[in-house]
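# Remarks on the overall topology
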Amino acid sequence: MEHSIFNFNLKVRDYECDAQGIVNNANYQHYYEVCRHEFLEYNGLNFYELHTQGIDLVLVSIFVKYSNSLKGGDLLACTIDSIEKEGIRYFFNQKIIRLSDNKICSEARAEVVTLVKGHVSLPAILDKALSQYIK
């Protein structure tokens, strides 16, 4: 977390767990998405307001690696460690860390593209807001 550009803390809710009593794998993607949206908000960009302006951030792919399980009630930090830009694509490198022992539970690389009025584009608003973070 010390090398992250953004952290967002969450608490695991019981309904996010499967029959084994651990967080279902699909919920990790929810945590990652919440963190990206909160990061945008922190930088003055609201996901839904962007949509009303015709700008949509679309997840194209995500690679998620799981290493330690989360359980109901666990507190976690979801991080954005870095953002890379390749042409029209943004890559968010993220982690989920269990706060009780600081163990990395999951790592992800999310690929996002921007649509402006339905067409793949690279809007200046996103580059301007995030330029300090992009490698």
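Let me begin by describing the structure that accompanies this report. Each chain has its residues counted from 1, running along the sequence as written. In view of the model being predicted, local features appear only for residues whose pLDDT reaches at least 70, and side-chain atom pairs are presented and counted only at 80 or more, with totals across whole chains, interfaces and linings using the full set of residues. Neither water nor hydrogens contribute to the side-chain values; these are computed over all heavy atoms in the structure.

## Looking at the overall build of the protein chain
Secondary structure elements follow DSSP: runs of H or I no shorter than four residues count as helices, runs of E no shorter than two count as strands, and numbering proceeds from the N terminus. Assigned secondary structure in the protein chain consists of three helices and six strands. Relative to the globule expectation of 14 Å for 135 residues, the C-alpha radius of gyration of the protein chain, 15 Å, shows essentially globular dimensions. Projected onto the principal axes, the alpha-carbon positions of the protein chain cover approximately 45 × 30 × 25 Å. Within the protein chain, the fraction of its 135 residues that count as buried is 41%. With residues, only the protein chains shown are counted as cover, and all accessible areas are computed by Shrake-Rupley using a 1.4 Å probe. Carbon and sulfur atoms make up 51% of the accessible area of the protein chain, which totals about 7500 Å². We score Asp and Glu as negative and Lys and Arg as positive, and we do not count His or the chain ends. A charged residue contributes its charge at one atom only: NZ of Lys, CZ of Arg, CG of Asp or CD of Glu. Side-chain charges in the protein chain split into 14 positive and 17 negative, and the spacing between the mean points of these groups amounts to 3 Å. C-alpha atoms define the radius of gyration, and 2.2 Å times the number of residues to the power 0.38 defines the globule rule. With a 1.4 Å probe rolled over the protein chains alone, any residue whose accessible area is under 20% of its type maximum counts as buried; one over 50% counts as exposed, and the rest are partly exposed.

## So, helix α1 (residues 25–42)
The end-to-end C-alpha separation of α1 is 27 Å, in line with the 26 Å expected for 18 residues at 1.5 Å each. Along α1, the residues that are buried comprise Asn 27, Tyr 28, Tyr 31, Tyr 32, Cys 35, Arg 36, Phe 39 and Leu 40. As used in this structure description, the phrase polar contact means that two N or O atoms lie within 3.5 Å; if the pair is within protein, one of them must be able to donate a hydrogen and the other to accept it, and residues adjacent in sequence are counted only when both atoms belong to side chains. By the N-cap criterion, in which a side-chain oxygen at the helix start approaches the backbone nitrogen of a residue two or three places on, α1 is capped by Asn 24, the distance to Ala 26 being 2.9 Å. Given a helix with a known number of residues, its expected span is that number minus one, times 1.5 Å.

## Focus: the layout of surface pockets
If a probe the size of a water molecule is rolled over the atoms, the empty space left behind becomes visible. Both site types are read off a 1 Å grid over the protein atoms alone. A 1.4 Å probe that fits but cannot get out defines a cavity, while an open set with protein on both sides within 12 Å along at least five of seven lines defines a pocket; lining residues have an atom within 4 Å of a point. Grid points are joined across faces, edges and corners, and a volume is the space filled by probe spheres set on the points. The calculated volume of the largest pocket comes to roughly 170 Å³. Along the wall of the largest pocket there are 13 residues; nearest its centre are Arg 36, His 37, Phe 47, Leu 57 and Val 112. Counting only elements with at least two residues in the lining of the largest pocket, the list comes to α1, β2 (55–66), β4 (89–98) and α3 (124–130). When residues of the lining of the largest pocket are assigned to their parent elements, the largest contribution, four residues, is made by α1.

## Comments concerning the side chain of Glu 111
By secondary structure assignment, the location of Glu 111 is in strand β5 (residues 103–116). Looking at Glu 111, its side chain comes within polar contact range of the side chain of Arg 89, at 3.4 Å. Apart from the residues within four sequence positions on either side, Glu 111 is in contact with Val 58, Leu 59, Val 60, Ser 61, Arg 89, Tyr 90 and Phe 91. The contact definition used throughout considers only heavy atoms, calling two residues in contact when any of these lie within 4.5 Å.

## A few points about the pairing of strand β3 (residues 75–86)
Only strands joined by at least two bridges in the DSSP assignment are considered to pair. Relative to β3, strand β1 (residues 6–11) runs antiparallel, the two sharing six bridges. Residue pairing across strands places Phe 8 opposite Cys 78, the latter belonging to β3. Summarising the sheet, β3 and β4 pair through ten bridges and their orientation is antiparallel. Each residue of the ladder has a partner; that of Glu 86, found in β4, is Arg 89. In textbook terms, the turn of a hairpin is the stretch between consecutive antiparallel strands, and for β3 and β4 this stretch comprises two residues, one of which, Gly 87, has a positive phi near 60 degrees.

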